[in-house]
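# Summary of the model geometry
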Amino acid sequence: MGLQDSGVLRRSVGKTYLLTLGLGIFFGFNFAYLYLGTSSSGEFTWPLWSSDSHDPHQHSDLDNIAGPNLESFGFHDADEEPHKDSTLPAIQLPVKEGRDYLWAKTKEAFRYVYRHHLQQADWFMKADDDTYVIVENLRYMLSAHKSNEPIYFGCRFKPYVKQGYMSGGAGYVLSREAVRLLVENGLTDKKKCRPDHGGAEDVEMGKCLENVGVKAGDSRDAFGRGRFFPFVPEHHLIPGHVNKNFWYWKYIYYESKEGLGCCSDSAVSFHYVSPNHMYVLEYLIYHLRPYGISHYVKETAVTERPPVLQVNRTTKKVEVSTKGKEH
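Residues numbered from 1 in each chain as written. Predicted model: local features only at pLDDT ≥ 70, side-chain atom pairs only at ≥ 80, totals over all residues. Heavy atoms only, no water.

What follows is about the overall build of the protein. Within the protein, the regular secondary structure consists of eight helices and 14 strands. Considering the protein as a whole, with its 327 residues, one finds that 56% of them fall into the buried category. For the protein, the proportion of contacts with a sequence separation of at least 24, taken over those separated by at least 6, is 70%. Approximately 15000 Å² of the protein is accessible, and the part contributed by carbon and sulfur atoms is 52%. (Helix = DSSP H or I, 4+ residues; strand = E, 2+ residues; numbered from the N terminus. Buried < 20%, exposed > 50% of the residue type's maximum accessible area, 1.4 Å probe, protein only. Contact = heavy atoms within 4.5 Å. Areas by Shrake-Rupley, 256 points an atom, 1.4 Å probe, with all protein chains shown as cover.)

Structure (structure tokens):
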């Protein structure tokens, strides 16, 4: 498939809807998901939390980060007490607690979403509660794709699965058709999807989706830069920060550069982001504005691929091109 353009910081995507699944991994692996209506061009972020780490006071701080038009629902385990805080509704899953049950939680959460929310959204994303997602860029990337296509996107790793699989920590987003195939054809067939609770969640999801005909999509921009990242920004931006013997370099599906060339201007997610770092990212992304530089692209007629945004740092003008690099 052709690579998409370098992206923008602000874009509205009409009637597209996102249903974001978040997997609580940082403090107990509890599931949560967010329903995001995207008809508004307002700002959205989605720091997630888990049931056993949830504190109403901390939640009020996170509300300062999370944008408008956002509803949250939490999934917690059968052996846990339901949330006492009404600001974080919870849905109890019949799954035990612990990392060993991560795959089981993922399956149960997708079954629940399939039964109750499949027709309310076009795209469904699962991520960890320490994953920071720039939802506008997610919408922008998905605007070039149709939800009736069996496809999913994320940070693509190459071992274990023929077509590769998406990193669980960086988050992965499934089309509505992909969710339907997963639940109807995959989770009902033990030959296609692992039936027990064992295995690595993201690897098992990759195997399962491949077995039901869901394509592992290429989420890179037109310049071959990644959009979903399994670590915090500095791990990717600073040359030499991650040793070349580290597992990441053996797993990553596409060539990944270090330095500013590592990451798309329309990056979608970063993982292992602490609460304090979320505030930093919130400020840098949604509040800090260099004078004289605009990153806004007006809505244009729908094309196969959104326009490329280029900022001329000499004239301070924004140049928009509809040409994208094919790969």
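Anyway, onward from the coordinates.
Here we take up helix α8 (residues 275–286). Its 12 residues place the ends of α8 16 Å apart at the C-alpha level, agreeing with the 16 Å of an ideal helix rising 1.5 Å per residue. Buried residues in α8 make contact with β6 (132–133), α3 (135–142) and α6 (233–237). (Expected span 1.5 Å × (residues − 1).)

On to the nonpolar core, then. Counting residues in each nonpolar core, the largest one holds 47 residues, and the members touching the most others are Tyr-152, Val-173, Leu-174 and Phe-228. With five residues, helix α4 (residues 176–186) is the largest single contributor of residues to this core. Setting aside residues up to four positions removed in sequence, Leu-174 forms contacts with Phe-110, Asp-122, Trp-123, Phe-124, Ile-151, Tyr-152, Val-179, Leu-182 and Leu-209. Among the nonpolar cores identified, the runner-up in size contains 13 residues, and Tyr-132, Ala-267, Val-273 and Ile-285 belong to it. (Core = buried A, V, L, I, M, F, W, Y, C linked by side-chain atoms within 4.5 Å.)

Let us look at the environment of Leu-281. Inspection of the secondary structure assignment puts Leu-281 in helix α8. Judged by relative accessible area, Leu-281 falls into the buried class, the value being 9%. Sequence spacing of Leu-281 and Pro-233 is 48 residues, and the spatial spacing of their C-alpha atoms is 9.7 Å.

With that out of the way, let us pick up the packing of α4 against helix α5 (residues 201–211). At a closest axis distance of 9 Å, the pairing of α4 and α5 adopts a crossing angle of 85°. Between α4 and α5, the crossing angle belongs to the class labelled roughly perpendicular. Listed contacts from α5 to Ala-178, Leu-182 and Gly-186 of α4 are Met-205, Cys-208 and Leu-209. When the residues that make up the contact of α4 with α5 are grouped by side-chain class, the tally is five nonpolar, one polar and no charged. (Axes fitted to C-alpha atoms, helices over the stretch in contact; angles between N-to-C directions. Parallel < 35°, antiparallel > 145°, perpendicular 65-115°, else oblique. Nonpolar A, V, L, I, M, F, W, Y, C, P; charged D, E, K, R; others polar.)

For the rest of this paragraph, the subject is the state of the cysteines. Applying the stated criterion across every chain yields a total of two disulfides. Disulfide pairing is shown between Cys-193 and Cys-208; the S-S distance is 1.5 Å. Note on the Cys-193 and Cys-208 pair: the S-S dihedral is about 60°, so by sign convention the disulfide is right-handed. Remark: Cys-208 occurs in helix α5 and Cys-193 occurs in the loop between α4 and α5; sequence separation between them is 15 residues. Take Cys-193 and Cys-208: they sit in the same class, and that class is buried. If one numbers only the bonded cysteines of the protein, in the order they occur, the disulfide pattern is 1-2, 3-4. (Disulfide = S-S within 2.5 Å.)

What follows concerns the environment of Tyr-160. Of note, Tyr-160 is situated in the loop between β8 (156–157) and β9 (165–166). Separated by 44 residues in the primary sequence, Tyr-160 and Glu-204 have C-alpha atoms spaced 9.3 Å apart. With residues up to four places along the chain from it excluded, the contact list for Tyr-160 reads Tyr-165, Val-203, Lys-207 and Tyr-251. Polar side-chain contacts of Tyr-160 include one of 2.9 Å to the side chain of Tyr-251. (Polar contact = N/O pair within 3.5 Å; in protein donor to acceptor, adjacent residues only side chain to side chain.)

This next bit is on α3. Within α3, eight of the eight residues are buried, leaving the element largely enclosed by the surrounding structure. The set of residues buried in α3 consists of Val-135, Glu-136, Asn-137, Leu-138, Arg-139, Tyr-140, Met-141 and Leu-142.

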